[in-house]
Amino acid sequence: VVQPAPGPSSFVAPTTGFNFIGVGTNGLTPSDSNGSVGNNQYVETVNTRYQIWSLNRATSTATSVLGPVSTNTLWSGFGGPCQAQNAGDPIVLYDKLANRWLISQFTTSLSSGFYYQCVALSTTPDATGTYFRWAFAVPGGVFNDYPHFGVWQDAYYMMAHAFVSPSGGFVAALFAAMDRQKMLSGDPTATWQVLQDPLEGGHMPADLDGFAPPPTGAPGIFLSWHSDGMV
């Protein structure tokens, strides 16, 4: 149904905010593009690269301040598969409660019998600055496909689909929680807890929006939509 504008009114295009060209694909499909907005920066990850812009909110102008560069450069000097591999499926989130950036991607080649989730957490609100880094081994030697994250007050939650290898063979849905408090302090002993459910899939972790935290002690939430309509 089209509702005509009452005369003599006319439709006016909405005023846009920032409008600029983001990171292009580099021959990989799908692009797995996603981005997040901080206080005065925007970070976008696409395939195996990321880029950072500073945001002038008064003029709605975005200025590139880094990149695009390979995502695994975040692990330069870290060693291991997270430095050596640049496999993609990247995620970037801005932790609004702590004013930190989380950037992550997986590895797709076995290293010492494991695939890894590589996680970098900025040490300040500046995405162009330094990062704490971790390489979380996926239990059982399974491959962690399609990782997605959610920021919560007690943990960084992650979902993934576990396969025997990148070439296939579904095993289970992965539900993971990373020790956010240790990670914010850069503690290299930070660990994660991972649960597998072979009857699950397509689930997503909740992610905080705004600045009001959930009720004290409220657990992290995963949402899953089933073919029978059950959530």
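Engineer: Lay out the sheet that holds strand S10 (residues 155–165) with the relevant residues and their values.
Structural biologist: As summarised here, the arrangement of the four strands in space is S9-S10-S11-S12, forming an open sheet in which the pairing is antiparallel. Two strands bound the open sheet, and with one partner strand each, they are strand S9 (143–151) and strand S12 (192–197). Across the sheet, the mean angle separating the axes of adjacent strands is 20 degrees when strand polarity is ignored. Where strand S11 (residues 168–179) lies against S12, six bridges are found, and the strand directions are antiparallel.

Engineer: Account for the side chain of Asp 95, with residues named and values stated.
Structural biologist: Topologically, Asp 95 is positioned in strand S5 (residues 91–95). In this structure the side chain of Asp 95 is engaged in a polar contact, spanning 3.2 Å, whose partner is the backbone nitrogen of Leu 97. Among the polar contacts made by the side chain of Asp 95, one reaches the main-chain amide nitrogen of Ala 98 at a distance of 3.2 Å. When near neighbours in sequence (up to four residues on either side) are disregarded, Asp 95 contacts Arg 100, Val 151, Tyr 156, Arg 180 and Leu 184.

Engineer: Any chance you could break down empty space enclosed by the protein for me, citing the residues and the numbers?
Structural biologist: Counted under the stated rule, the structure contains one cavity of 30 Å³ or more. By volume, the largest cavity amounts to about 40 Å³. In this structure, the largest cavity is lined by Tyr 94, Lys 96, Leu 97, Val 151, Asp 207, Leu 208 and Gly 210. Here the lining of the largest cavity is composed, by residue class, of four nonpolar, one polar and two charged.

Engineer: Tell me about the nonpolar core, and please be specific about residues and values.
Structural biologist: Counting residues in hydrophobic clusters, the biggest one holds 22 residues, and the most contacted among them are Phe 149, Tyr 156, Met 178 and Met 183. Elements with a contribution of two residues or more to this core: S5, strand S7 (116–122), strand S8 (131–137), S9, S10, S11 and helix H2 (180–184). In terms of residue count, the dominant contributor to this core is S10 (four residues). Residues within four places of Met 183 in sequence aside, it is in contact with Val 119, Leu 121, Phe 132, Trp 134, Phe 136, Tyr 156, Met 178 and Ala 190. Judged by nonpolar contacts, the second largest core, of 14 residues, contains Val 43, Leu 74, Ile 103 and Cys 118.

What counts as what
Numbering of residues starts from 1 in each chain and follows the order in which that chain's sequence is written. Thresholds applied to this predicted model are a pLDDT of at least 70 for local features of residues and 80 or more for the giving and counting of side-chain atom pairs; totals over whole chains, interfaces and linings are not thresholded and use all residues. The side-chain values count all of the structure's non-hydrogen atoms but skip hydrogen atoms and water molecules. A pair of strands is considered paired only if DSSP assigns at least 2 bridges between the two. By definition, any uninterrupted DSSP run of H or I lasting at least four residues is a helix, any uninterrupted run of E lasting at least two residues is a strand, and each is numbered from the N terminus. Axis angles are defined between N-to-C directions and span 0 to 180 degrees, where every axis is a line fitted to C-alpha atoms and, for a helix, only to the segment in contact. Counted as a polar contact is a pair of N or O atoms within 3.5 Å, where, for protein atoms, one must be capable of donating a hydrogen and the other of accepting one, and residues adjacent in sequence contribute only when both atoms are in side chains. Any two residues having at least one pair of non-hydrogen atoms within 4.5 Å are treated as being in contact. Any residue with an atom within 4 Å of a point lines the site, the site being either a cavity, points on a 1 Å grid over the protein atoms alone where a 1.4 Å probe fits but cannot get out, or a pocket, an open set with protein on both sides within 12 Å along at least 5 of 7 lines. Grid points are joined across faces, edges and corners, and a volume is the space filled by probe spheres set on the points. Amino acids outside the nonpolar list (Ala, Val, Leu, Ile, Met, Phe, Trp, Tyr, Cys, Pro) and the charged list (Asp, Glu, Lys, Arg) are all regarded as polar, and Gly is one of them. Throughout, nonpolar core names a set of buried Ala, Val, Leu, Ile, Met, Phe, Trp, Tyr and Cys residues whose side chains join them through atoms within 4.5 Å. When accessible area is computed with a 1.4 Å probe and restricted to protein chains, residues below 20% of their type maximum are described as buried, those above 50% as exposed, and intermediate ones as partly exposed.

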